Amino acid sequence: KSRMTPSPIVASPQTNYNEALRLMQQNNIKSLPVINKNGTMVGIVTQGDMLRAEPSPVTTLSMFEMASLLEKVTMDKIMSSPVMAIDENCSITNAASFMLENDIDCLPVMSGDELVGIITETDLFKIFLDLMGARDEGIRVSALVPDKIGGLAALAKAIAEVGGSFVSFGQSIGEDMNNREVTFKVTGIDQETVAKAIKPFVEEIEDIRASHS
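Quick notes on the rules
Residues numbered from 1 in each chain as written. Predicted model: local features only at pLDDT ≥ 70, side-chain atom pairs only at ≥ 80, totals over all residues. Heavy atoms only, no water. Helix = DSSP H or I, 4+ residues; strand = E, 2+ residues; numbered from the N terminus. Rg over C-alpha atoms; globule rule 2.2 N^0.38 Å. Buried < 20%, exposed > 50% of the residue type's maximum accessible area, 1.4 Å probe, protein only. Areas by Shrake-Rupley, 256 points an atom, 1.4 Å probe, with all protein chains shown as cover. Lys, Arg positive; Asp, Glu negative; His and termini not counted. Charge placed at Lys NZ, Arg CZ, Asp CG, Glu CD. Pairing = 2+ DSSP bridges.

Visitor: Can you break down the overall build of the chain residue by residue, with the values?
Guide: When you go through the chain residue by residue, the secondary structure sums to eight helices and 10 strands. Its C-alpha atoms give the chain a radius of gyration of 24 Å, clearly above 17 Å, the size a compact globule of 213 residues would have. Dimensions of the chain, computed from C-alpha atoms along their principal axes, come out at roughly 70 × 40 × 30 Å. The buried share among the 213 residues of the chain stands at 35%. Split by element, the accessible area of the chain, about 12,900 Å² in all, is 52% carbon and sulfur. Side-chain charges of the chain comprise 18 positive and 29 negative groups, with the mean position of each set lying 3 Å from the other.

Next comes the structure, spelled out in structure tokens:
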């Protein structure tokens, strides 16, 4: 709930294609939860659903005829239902995993039976950038470190001892089972000092550069 887009733009089952398209374009969104007159979410319509509802590119219909045809296409005819959704207290990690496993690019966020927000791929990208400190100035480093107890602690201590302060820190699987790839950003020291400080504790510095917000 702290990262979702609250109070999302919605459609009704009777909203037609042209109205839905205007909502998406005017609000720069790629999905519309569909809410019935009782306030219950009964489906969701994505850009993909909208594209599949359009006439074939080789149709002989005129633009006027296509617009008239789409005016009759309502959301209840093209929406996905039932809807995959998550509780507002679900962690970002679980939400991202759920989206990846189910090959979906957005998830309605619920508080009980009430729709309170939506989380999208764009929201996840923003979170990733925040976690990696992409919008902060500093020295950004990617390096391979041995996968052993105390390895990361030694790296952090080395930075602290030369006056550096971590802005962000992340790790992932390395080239093999014996190492890990770490990516971090530090402030308070220059690039040469960072490289010299961490050299004894890493197998390889893959990339190091000044990064600006």
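Visitor: Go over the pairing of strand β7 (residues 138–146), please, and point to the residues and values.
Guide: Among the nine residues of β7, seven are classified as buried, and the element is accordingly described as predominantly covered. Looking at chain direction, β7 and strand β10 (residues 204–211) are connected through seven bridges and run antiparallel. The residue bridging Ser142 from the neighbouring strand is Asp207, located in β10. As paired elements, β7 and strand β9 (residues 179–187) share eight bridges and run antiparallel to each other. Note on β9: the bridge partner recorded for Pro146 is Asn179.

That's the geometry; what it means functionally is another story.
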